[in-house]
Amino acid sequence: MSAPAALRPAQVNLRGLHPLLRAEIKWAMFAHTQKAHGRWELVTWQGLANFAREYGLQSLTDVGPDEERLLRKAASREAVHIVRAVTGWLHPLYVTPAETRELGYVLTEHFGRKLTGRSVHMDLTGVSQRWLRDLIWDHLAAILRSPNCPRSGGTFDDMRRAGLELGTFLELHAPAGGHDPQALTAEHMHQFVADQRQREREGLVSLAARGVHGKPSIVTANTRQRVFHRTRRLLRGALESGEAERLGLSRAFIAAMPAPGGMVRRSRPPFADGVARALADEVNLHRLAETYDPFDRGLRDAWETIIVTGRRCSEVLQLRLDCLGRYGGLPMLWHDQTKVGNYDQALRVPERVHQLLQARQGKTLTLFEARNNRPHTTGERAQMALFPTNIRNRDGRQPLSYNWFHKGFKPWIDELDIGRWVPHQARHSLATSLLRAGASLTHVRRYLGHVSERMAEHYIHLTQSDLEDVLQHVWVSGPGSASLGELLTEPATPLTREQAQAIAIDLSRRSTPAEGGFCTFQPVVDGGACPWNLDCHNCDKFVLSGADLLYWRRKREQWRLLAEGAPDDATADYLHAYFEPTARAIDGLERALAGLGLLDEALAMDMRKPQDYFQRVWSTAFRATDLAAVHDADETEATDSDLDVMESV
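Residues numbered from 1 in each chain as written. Predicted model: local features only at pLDDT ≥ 70, side-chain atom pairs only at ≥ 80, totals over all residues. Heavy atoms only, no water.

Enquirer: I would appreciate a short explanation of the nonpolar core in the present structure.
Expert: Taken as a class, soluble globular proteins show a tendency for nonpolar side chains to be buried jointly. Judged by nonpolar contacts, the single largest core of 41 residues is most densely connected at Val106, Trp131, Ile136, Leu140, Phe156, Met189 and Leu249. At the level of secondary structure, the elements contributing two or more residues to this core comprise α6 (130-145), α7 (154-173), α8 (186-202), α9 (221-241), α10 (243-247) and α11 (251-255). Of all the elements, α6 adds the most residues to this core, at 9 residues. When sequence neighbours within four positions are dropped, the list of residues in contact with Trp131 reads Leu170, Gly178, His179, Pro181, Leu184, Leu247 and Leu249. (Core = buried A, V, L, I, M, F, W, Y, C linked by side-chain atoms within 4.5 Å. Buried < 20%, exposed > 50% of the residue type's maximum accessible area, 1.4 Å probe, protein only. Helix = DSSP H or I, 4+ residues; strand = E, 2+ residues; numbered from the N terminus. Contact = heavy atoms within 4.5 Å.)

Enquirer: Whenever I open this one, the pairing of strand β6 (residues 330-337) confuses me. Can you help?
Expert: By the bridge criterion, 4 bridges tie strand β5 (residues 324-327) to β6 in an arrangement that is antiparallel. For Arg326, the partnering residue across the bridge sits in β6 and is Pro331. Linking two consecutive strands that pair antiparallel, namely β5 and β6, is a turn of 2 residues; a positive phi of about 65° is found at Gly328 within it. (Pairing = 2+ DSSP bridges.)

Enquirer: I keep staring at the packing of helix α14 (residues 299-309) against helix α16 (residues 351-372) and nothing clicks. Help me out?
Expert: Two packed helices can be described by the angle between their axes and the distance between those axes. Relative orientation of the contacting elements α14 and α16 amounts to 155°, with a least axis distance of 10 Å. The orientation of α14 relative to α16 falls into the category roughly antiparallel. Seen along the crossing, α14 lies across α16 with a hand that is left-handed. Packed against α14, whose contacting residues are Arg300, Asp301, Glu304, Thr305 and Val308, the element α16 presents Arg352, Val353, Leu356, Leu357 and Arg360 at the interface. Its residues placed into classes, the contact of α14 with α16 shows 4 nonpolar, 1 polar and 5 charged. (Axes fitted to C-alpha atoms, helices over the stretch in contact; angles between N-to-C directions. Parallel < 35°, antiparallel > 145°, perpendicular 65-115°, else oblique. Left-handed = near helix turned anticlockwise from the far one by under 90°. Nonpolar A, V, L, I, M, F, W, Y, C, P; charged D, E, K, R; others polar.)

Enquirer: Help me understand empty space enclosed by the protein, please; the structure alone is not making it clear to me.
Expert: Think of a ball as big as a water molecule: rolled over the atoms, this probe shows where empty space is left. With the rule as written, the count across this model stands at 2 cavities of 30 Å³ or more. Taken together, 14 residues line the largest cavity, and the ones lying closest to its centre are Cys519, Val524, Cys530, Leu534 and Cys536. Ile306, Arg311, Arg312, Cys313, Pro423, His424, Ala426 and Arg427 are the residues that line the second largest cavity. (1 Å grid on protein atoms, 1.4 Å probe; cavity = no way out; pocket = protein on both sides within 12 Å on 5 of 7 lines; lining within 4 Å. Points joined across faces, edges and corners; volume = space filled by probe spheres on them.)

Enquirer: Hey, could you run me through the packing of α14 against helix α18 (residues 402-416) in this one?
Expert: Here α14 crosses α18 at 80°, and the two axes come no closer than 11 Å. Between α14 and α18, the crossing angle belongs to the class labelled roughly perpendicular. Facing α14, whose interface residues are Leu299, Ala302, Trp303 and Ile306, α18 presents Trp404, Phe405, Gly408, Phe409 and Trp412. Residue composition of the contact of α14 with α18, by class: 8 nonpolar, 1 polar and no charged.

Enquirer: Sorry, what's going on with the sheet that holds strand β7 (residues 342-348) here?
Expert: Whether parallel or antiparallel, the strands of a sheet pair through hydrogen bonds between backbone atoms. The antiparallel open sheet is built from 3 strands, whose spatial order is β5-β6-β7. Both edges of this open sheet fall to β5 and β7, since each of them pairs with a single strand only. Pairwise comparison of adjacent strand axes, ignoring direction, gives a mean angle of 35° for this sheet. The sheet strands contacting α16 are β5 and β6, and the helix crosses β5 at an angle near 140°.

Set out below in structure tokens:
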């Protein structure tokens with residue numbers, strides 16, 4: 001046994017090591033300095049070098065489970081961590097993509113990719129059929145090479161699961177275990193499809209897929225649809241590329257794989273009122289901080305920011321230290337929406353949240369000074385996270401992870417005994433509240449940072465009464481206006497201050513319901529009589545709302561039927577010309593609703609039932625000047641038809 005190397009300050013003695021091992025250590029020390037993570041002490045590196053010299057290692061890749069146990073005793077547990085990390089970095093350099101295909105796994109680093117929350121190593125060895133495994137490898141490699149490669153691992157997980165399900169089924173039921181693709185027929189695929197559907201219907205476990213903790217995965221409608229979708233894409237891709245013909249895979253076998261059908265997409269609901277109160281209660285928030293964040297890393301501060309701003313949990317946890325500012329005296333929060341590629345987005349926040357995060361800034365800076373025994377520099381401050389982790393993070397650049405947040409948040413939810421809820425539902429709650437308060441879908445999309453209104457719709461949860469309130473805020477000029485169908489409440493182009501004041505209309509104070517829309521003539525709104533004898537549809541003070549779309553569509557159909565049944569062309573032309581202004585106003589209302597993403601909702605809900613018409617007409621008729629006439633009418637004897645109407649209302 002050779003004598004241990006002498007320790008020298010700021011040096012690691014690598015004499016006597018194999019040249020490859022010496023080069024690996026030098027490269028690893030340099031590579032680690034380029035990463036924004038913790039530091040590795042030189043004494044640990046020296047212990048690792050001494051161990052390698054004593055046991056004659058030629059490469060760090062020679063360290064197996066037995067060597068790790070000896071290294072842990074000879075050096076430290078940290079030395080084992082270093083070896084595992086460095087061998088992971090070296091692995092893509094020591095194997096080629098062709099070799100990984102032969103061995104049955106994919107290294108995403110060969111393609112310059114790193115999937116969020118996934119290892120760089122994707123194991124495909126569970127698929128026993130070599131032809132199927134190679135098809136999957138080629139398919140995944142094509143996705144990784146694509147410029148539209150997804151950042152998350154869902155696509156790859158689904159493809160791997162589909163391969164495992166099909167491969168395991170063929171191993172059990174196909175001739176020769178499915179290893180000969182030429183022996184497969186359409187009947188084998190029909191059996192596989194029937195097996196998946198039966199497992200879905202009866203809630204049985206998967207043939208091969210396992211959950212996070214190794215438990216058998218249950219086949220659900222979602223997992224079955226994903227398996228069908230990915231299997232179909234895989235096999236049809238092989239058919240189009242000619243690989244199926246080269247393998248001798250039957251076209252009938254591929255064509256027998258059906259389409260997955262409509263995907264079941266369940267949107268998380270917003271917080272119920274009682275749940276929202278419990279999650280924002282001061283006593284409960286104090287317990288969240290004291291019990292589940294004893295070292296005050298910022299669990300409560302992050303949660304309160306999520307509640308108020310509706311940001312994604314990762315967006316809040318990844319806030320930089322200098323994320324706050326005031327512009328025109330207003331408190332602003334700057335953040336990155338990495339999911340959709342929007343960076344340095346400004347968001348106005350309440351004063352309380354601004355002060356809360358300012359206090360967190362002070363705690364983070366104090367923690368940095370305690371760790372480094374010196375003040376921070378300007379360059380270091382620019383790189384620091386607002387919520388830094390305490391694991392190998394002396395410079396404070398690495399933020400807390402979602403797993404850390406969830407480990408504190410979930411037991412807190414369980415302790416409150418309010419059911420199963422996740423932080424992301426705060427985002428759904430805020431989106432729904434914004435729409436109920438009168439914000440358009442376009443405003444909600446912009447505020448939440450969605451790339452499309454379809455995604456924003458996924459976050460909106462409204463009852464029928466909520467949706468009616470929203471649709472009533474969409475106003476267009478009526479058939480009696482000079483500008484037919486012009487959108488009044490959501491201008492498409494910026495307006496001057498005078499223009500904005502001219503068209504700003506308050507529903508509660510400056511309008512009154514009328515048949516098919518709203519009257520905005522102020523004397524009538526204040527209770528006066530209509531000077532035009534309630535001729536609303538020819539009045540320029542009458543506006544159409546989104547809640548009346550179906551009413552006007554029915555009217556338009558009635559007018560067209562009248563014109564079509566006219567006795568001559570001249571009469572038909574007259575009717576078309578007479579109804580044209582109203583038709584143009586209806587077209588403008590449809591365009592306005594489509595532009596705001598509310599057209600489908602307006603068409604799907606019949607907002608004007610017969611009793612609603614009576615209520616709106618009565619609200620218009622019962623004015624101060626007409627009370628005498630109404631009183632006289634009440635004293636007359638009601639007919640049977642009148643009683644029927646009253647009962648229906």
